Amino acid sequence: GSLVLVGGQAGIGKTTLVRDMARRAARREMLVLTGYCYDLTVTPPYGPWAQIARLAVEIDELLSPPVALLDEDALKHAPGQEVLFGELATFLADIAARQPLVLVLEDLHWSDHESLLFLRRFGHRLVTLPVLIVVTYRDDELTRDHELYGLLPVLVREAGAHRINLKPLTDLSIRSLLASRYGLSLSDEVRLVDYVRDWAGGNPFFLGEIL
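Bear in mind the structure is a predicted one, so any value in this text is a computation, not a measurement.

Q: Explanation requested: the overall build of the chain in the structure shown.
A: When its secondary structure is counted, the chain shows nine helices and five strands. For the C-alpha atoms alone, the extent of the chain along its principal axes is close to 65 × 40 × 30 Å. Every one of the 211 residues in the chain was classed for burial, and the buried ones make up 39%. Considering only intrachain contacts with a sequence separation of at least 6, the fraction spanning at least 24 residues in the chain is 72%. Accessible surface for the chain amounts to roughly 11,500 Å². Of this, 54% is attributable to carbon and sulfur atoms. Computed over 21 positive and 28 negative side-chain charges, the separation of the two mean positions in the chain equals 7 Å.

Q: Mind showing me how you'd approach the sheet that holds strand 1 (residues 2–7) here?
A: Backbone hydrogen bonds are what pair the strands of a sheet, in a parallel or an antiparallel way. Within the open sheet, the five strands sit side by side as 2-3-4-1-5. Their pairing is parallel. Strands with a single pairing partner mark the edges of an open sheet, and in this sheet they are strand 2 (31–36) and strand 5 (162–165). When the angles between neighbouring strand axes are averaged without regard to direction, this sheet yields 15 degrees. Bridge count between strand 3 (residues 101–106) and strand 4 (residues 131–137): five bridges; the pairing is parallel. Residue pairing in the sheet places Leu-101 in a bridge with Val-131 of strand 4. In the packing of helix 4 (residues 81–98) onto the sheet, contacts are made with strand 2, strand 3 and strand 4, and the angle to strand 3 comes to roughly 135 degrees. Against the sheet, helix 5 (residues 113–123) contacts strand 1, strand 3 and strand 4, and its axis sits at roughly 145 degrees relative to strand 4.

The rules behind the values
- Residues numbered from 1 in each chain as written.
- Predicted model: local features only at pLDDT ≥ 70, side-chain atom pairs only at ≥ 80, totals over all residues.
- Heavy atoms only, no water.
- Helix = DSSP H or I, 4+ residues; strand = E, 2+ residues; numbered from the N terminus.
- Buried < 20%, exposed > 50% of the residue type's maximum accessible area, 1.4 Å probe, protein only.
- Contact = heavy atoms within 4.5 Å.
- Areas by Shrake-Rupley, 256 points an atom, 1.4 Å probe, with all protein chains shown as cover.
- Lys, Arg positive; Asp, Glu negative; His and termini not counted.
- Charge placed at Lys NZ, Arg CZ, Asp CG, Glu CD.
- Pairing = 2+ DSSP bridges.
- Axes fitted to C-alpha atoms, helices over the stretch in contact; angles between N-to-C directions.

Now the structure itself:
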């Protein structure tokens with residue numbers, strides 16, 4: 001198993017990259033489950049992991065996830081954190097024993113504290129399991145006092161995580177994109193590259209919106 005950390009600014013292509021990976025994984029008969037963190041609401045405890053548990057049960061009703069993750073009221077009366085961590089880890093390992101598993105955790109810069117703690121704990125077990133965890137986060141939102149800021153190097157050191165930091169498109173990449181869309185003369189292409197670079201800064205999403 002492996003843990004991959006995909007960072008970059010908003011619109012840089014993190015979700016696009018991960019969705020392409022998920023499609024390829026599904027074609028190879030891997031089970032892909034995604035959990036999200038949200039900016040407009042406070043992500044509840046174990047937010048993305050609870051979403052993953054519910055998705056897994058919808059796919060296979062025979063699975064037995066931690067009951068506390070299926071209902072917010074039950075979570076309030078859940079056993080201690082160590083017990084819940086153990087139940088969730090066993091649940092994910094049971095799924096992986098049936099089918100290689102890909103877990104996507106989107107926008108982890110908005111994650112709750114408990115979800116990050118479990119990611120660190122479960123990361124130790126990945127070397128023994130057919131599980132790939134892919135995390136996305138906005139690196140421009142991570143201040144030094146952000147919990148994820150300090151956790152990233154820990155995940156690299158303890159779980160052997162691979163970090164992918166997406167960068168803005170270069171002028172050469174922008175020209176390739178323009179060439180695939182428009183039949184411009186060289187002079188017009190150069191002018192358009194300069195224009196969109198100045199306005200979009202090489203950000204693929206903003207560049208696409210301008211075009």
